[in-house]
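Read off the chains here:
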Amino acid sequence: MTTTAAIVAPILFGLALGAWASRAEVSPPASVAPAFVTDVPGIREEMLDPEYWIGRLRDDEIRMTAAEIGTFNAKNFARGEHLHDLDQFPQRLKRTRVLALLDTVSRPASTPRFHTDDSPLTPRDYAALEASTQRARIPAEVRVRWGMVVRRANMRSFPTQMRIYKNPQDTDLDRLQETGVFPGQRLALLHESTDGNWWFAVNYHYAAWLPKSAVAVGDRDEIDRWSQREPRLLVTGAQVQTNFNPDDPRTSQVALDMGVSLPLLSAADVGYQVNGQNPYASYIVSLPARAADGSLEFVPTLIARSRDVHRGALAYRDSALLRQAFKFLGERYGWGHDYNGRDCTGFIGEVYKSFGILMPRNSGQQGRGGFAPTRFFGEGDEKRRRDALGSLQVGDLIYMPGHVMMYIGDVSGEPYVIHDVTGLRYYDSEKNFYSGTLSGVSVTPLKPLWLSRDKSFVDSIYAIKTIL
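Rules of the game
Once a new chain begins, its residue numbering starts again from 1 and follows that chain's sequence as written. Only residues with pLDDT of at least 70 are given local features in this predicted model, and only at 80 or more are side-chain atom pairs given and counted; all residues enter the totals for whole chains, interfaces and linings. Neither water nor hydrogens contribute to the side-chain values; these are computed over all heavy atoms in the structure. For every residue, the accessible area (1.4 Å probe, protein chains only) is compared with the maximum for its type, and the residue is labelled buried under 20%, exposed over 50%, or partly exposed between those bounds. The helix count covers DSSP runs of H or I at least four residues long, the strand count covers runs of E at least two residues long, and both are numbered beginning at the N terminus. DSSP calls a pair of strands paired once it identifies at least 2 bridges connecting them. The angle between two axes is taken between their N-to-C directions and runs from 0 to 180 degrees, where each axis is a line fitted to C-alpha atoms and a helix contributes only its stretch in contact. The contact definition used throughout considers only heavy atoms, calling two residues in contact when any of these lie within 4.5 Å. Whenever a carboxyl oxygen of Asp or Glu lies within 4 Å of a side-chain nitrogen of Lys or Arg, that contact is scored as a salt bridge.

Counting buried residues in helix H7 (residues 318-326) gives eight out of nine residues, a clear majority hidden from the surface. For H7, every residue scored as buried is listed here: Asp318, Ser319, Ala320, Leu321, Leu322, Gln324, Ala325 and Phe326.

So, on to unusual backbone geometry. Residues apart from glycine generally show negative phi values, whereas peptide bonds are mostly found in trans. The omega torsion across Glu230 and Pro231 is -5 degrees, close enough to zero to call that bond cis. Within the element layout of this structure, Pro231 appears in the loop between helix H5 (220-228) and strand S12 (232-235). Even without being a glycine, Asp118 presents a positive backbone phi close to 75 degrees. With respect to the helices, strands and loops of the structure, Asp118 is situated in the loop between helix H3 (95-103) and helix H4 (123-132).

What follows covers the environment of Arg97. Relative to the helices and strands, Arg97 is located in helix H3. Looking at Arg97, the relative accessible area reads 40%, which means it is partly exposed. The spacing of Arg97 and Ala140 is 43 residues in sequence and 10.0 Å in space, taken between C-alpha atoms.

Within a regular strand, side chains alternate between the sheet's two faces. Strand S8 (residues 186-192) sits mainly inside the fold: six of its seven residues count as buried. Pairing between strand S5 (residues 145-149) and S8: four bridges, direction antiparallel. The partner of Trp146 across the bridge, within S8, is Ala188. Once S8 ends, the chain turns through five residues before running back antiparallel as strand S9 (residues 198-202), passing Gly196 with a positive phi of about 75 degrees.

In this section: the sheet that holds strand S21 (residues 403-411). Taken in spatial order, the six strands of this open sheet run S19-S26-S20-S21-S22-S23, and their pairing is antiparallel. Two strands lie at the open edges of the sheet, namely strand S19 (374-376) and strand S23 (433-445), each paired on one side alone. On average, each strand axis in the sheet is tilted by 35 degrees relative to the strand beside it, whichever way the strands run. In terms of strand pairing, S21 meets strand S22 (residues 414-427) through five bridges, oriented antiparallel. Along S22, the bridge assignment pairs Asp410 with Pro415. H7 rests against S21, S22 and S23 of the sheet, and its axis sits at about 125 degrees to S21.

Moving on: the pattern of salt bridges. Any two side chains of opposite charge can pair if their charged atoms end up close together. If you walk through the whole model with that rule in mind, you get 27 salt bridges. Taking the shortest distance from any N to any O, the salt bridge between Arg152 and Asp257 comes out at 2.7 Å. Here Arg152 is found in the loop between S5 and strand S6 (153-156), whereas its partner Asp257 is found in strand S14 (residues 255-257), with 105 residues between them in sequence. Each member of the pair, Arg152 as well as Asp257, carries the same accessibility label: buried. The salt bridge involving Asp396 is made with Arg375; its shortest N-O contact spans 3.5 Å. Of this pair, Asp396 sits in the loop between helix H10 (382-388) and strand S20 (397-400) while Arg375 sits in strand S19, and the two are 21 residues apart along the sequence. What makes Asp396 buried here is its relative accessible area of 0%. Residues joined in a network through salt bridges with shared partners are Arg152, Asp257, Glu331, Arg342 and Glu350.

Next up, the structure:
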C-alpha cells in the first residue's frame, strides 16, 4: 500500500523597508491529510472504520443469549468433532489413543521441506525429529497430568523451535507451527520430549507440542475450580498487558490476547496494595504463574481499567461482532499464531471467543464440520453460490480451501468481508491480472478476488456458516 506525501507551501510574510508590513497574528497552515491510495479494489478509506458498517445494519438484536451460547458450545463438544471436552477428559489414556493424537501433527511432510538456509530436509533430519518425540517410551497406559498456560506460546508439530518451509521463498509460513496458546488455557499433559523441555498436550481444540516454560503443572480439581470461578474479566482488545510489576516478572506486562478470561478478585480479598500499587484504578485478577519447580500458582495481578477489557462475555450482536473484528485490522498475518499475531482461523476464533463461542482450530475443521448451521456447495453449484451471497448475514463465515472470511456488509450489491489473508489477486479494468500482497487483517470486496488466474474466490466457496 502506498500513500502520496502531503505538500504544504510555506507562508510568506510581507516585509516593507525592513519593517513589519502588518502586526496581525498569522494563523498556522491547515494540515492537509494525505490522499488515500491503495491497490485493493473497491475500497474507500471510510470502509476501514467499523462504524461505517455498523451504520448500515438493518437491526442489532441479540443473536444468542449467554445460556444459548452455553448450549451451542455443549452440543459441539458433545459431538466430539475436533474439540476436546477437558471437563470429561479421562484421567488415563491407552497408548494407542496418545499415538493417534501424536500422529496428527508429528509426522513427515508428504512434499519437500526446506531449512532456513534453503537446504532440503533429509531423512536424517526427520529421524532426529522423530527421536525427539521418544514415541517408543509411551507406556501402554498413560496417566494424564494437568497444567495451565502461563504465557502466550506456540504449539508445534515437533518439540523444536526450528523453522522449516514448503518453499524457500515463503518464509512467513513455518510448517512446524500449529497454533498459539494463551494464559489461563487448561491443558491435559500426555507426554514429554526426549530433552525434557516440551510437553505433548491437549487443549480445547488442539493437540501438539509446547515448551514446558510456558506451562505450570497443577492439580486438576484446582485448575477446574479456577476455570469455573465467577465473576471473570474478559480481554476484548486485540492484546492487552497486565500492569508492570517490579517485584515479580512472572506477572509483569504479561500479554493477554482477545478472549482470555481471568477470575476477578477484590480488595476485600487481597488488600489495598497489589504489587506495590493501589488496586482501586485497576482490575484485580487471579493470574496463573509458574513456580520455580514448575508447579502452578495463582497470583493477584492488576490490569488497568483503561485497558480494553470487559466484565464477562460481550453480548452477541452484529455491532459488537464488527467492532471486535476491526480491532485486528492491519495486524500482520501470522501462520498458526506466529509473529505474535494470528492466521485466518485464529482471527475468527479470537473474535468469536469474545462472546464465549468456541470453535475448532483449522479452517477445514470449521468449514467441513458440523459445529454450526451450514450451506454446502459443490461442483456445478455456481448459481446457488452466487444466490447465497445475496442473503448473507453479518458475521457469516465463508469457507474456501485453506481460508475463511467474515461477511461484514453489502455495498451496491457487492459483498464485503474482513479476513486475515496473505495474497491479493484480481483482474483490473484493463483485464490485466494483478498479483500483490495483503499479509494481514484486511477489508476487501469478495467478488473481485481470485485465487489464481483461472479460479476466483467465489467459485472456490464450499461452505457458508451462520453462528446461531
